[in-house]
Amino acid sequence: MKNAQCKKCLNKFEEKKIFTIQQFQYTKEPPYKWTLEFFKLLEIGEWDSFCENCLMDYSKILNNVWKNDT
Ligand SMILES: [Zn+2]
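Residues numbered from 1 in each chain as written. Predicted model: local features only at pLDDT ≥ 70, side-chain atom pairs only at ≥ 80, totals over all residues.

### Examining the overall build of the protein
When its secondary structure is counted, the protein shows two helices and four strands. The secondary structure elements of the protein, listed N-terminal to C-terminal, are β-β-β-α-β-α. By its C-alpha atoms, the protein is 40 × 20 × 15 Å across when sized along the principal axes. For the protein, buried positions account for 14% of its 70 residues. Restricting the contact set of the protein to residue pairs at least 6 apart, pairs at least 24 apart contribute 67%. (Helix = DSSP H or I, 4+ residues; strand = E, 2+ residues; numbered from the N terminus. Buried ≥ 20, exposed ≤ 12 C-beta atoms within 10 Å, placed from the backbone. Contact = placed C-beta atoms within 7 Å.)

In structure tokens:
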């Protein structure tokens, strides 16, 4: 059943296909603390749900900003 909604594209997905920014805590860079601050500016919290595509988009933006910032 598609009962979870992506906050960005607003499409509905199965719960197991939904991701949160918490998965960035497993990436080496940027540090998760920095990542949380970054998403806070976008008004995105650890419990917001996103589909895989949208999270990938954010991942690219995140890495670009991180690279330009360091
Ligand atoms: Zn989405």
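### Considerations on the environment of Phe24
Looking at the element boundaries, Phe24 is found in the loop between β3 (18-19) and α1 (32-41). Sequence separation of Phe24 and Ser59 is 35 residues, and the distance between their C-alpha atoms is 8.3 Å. Beyond its immediate chain neighbours, meaning those up to four positions away, Phe24 contacts Tyr32 and Thr35.

### Considerations on the environment of Ile21
Relative to the helices and strands, Ile21 resides in the loop between β3 and α1. The spacing of Ile21 and Cys51 is 30 residues in sequence and 11 Å in space, taken between C-alpha atoms. If sequence neighbours within four positions are ignored, Ile21 has contacts with Thr35, Phe39, Ile44 and Glu46.

### Topic: the confidence of the model for the protein
Detailed reading of the predicted coordinates is not advisable wherever pLDDT is low. This prediction gives the protein a mean pLDDT of 95; 99% of its residues lie at or above 70. Ranking the elements of the protein by mean pLDDT puts helix α2 (residues 52-69) last, at 95, and strand β4 (residues 50-51) first, at 98. (pLDDT = per-residue confidence, 0-100.)

### Here's the deal with unusual backbone geometry
For the peptide bond that leads from Glu29 to Pro30, omega is -10°, which places it in the cis range. Examined against the element boundaries, Pro30 turns out to sit in the loop between β3 and α1. Non-glycine residue Leu10 carries a positive phi angle of around 65°. Note on placement: Leu10 falls in the loop between β1 (4-5) and β2 (12-13). One non-glycine residue, Glu43, lies in positive phi territory at about 60°. Summarising the element assignment, Glu43 is placed in the loop between α1 and β4. On the basis of neighbour counts, which here come to 8 C-beta atoms within 10 Å, the residue Glu43 falls in the exposed class.

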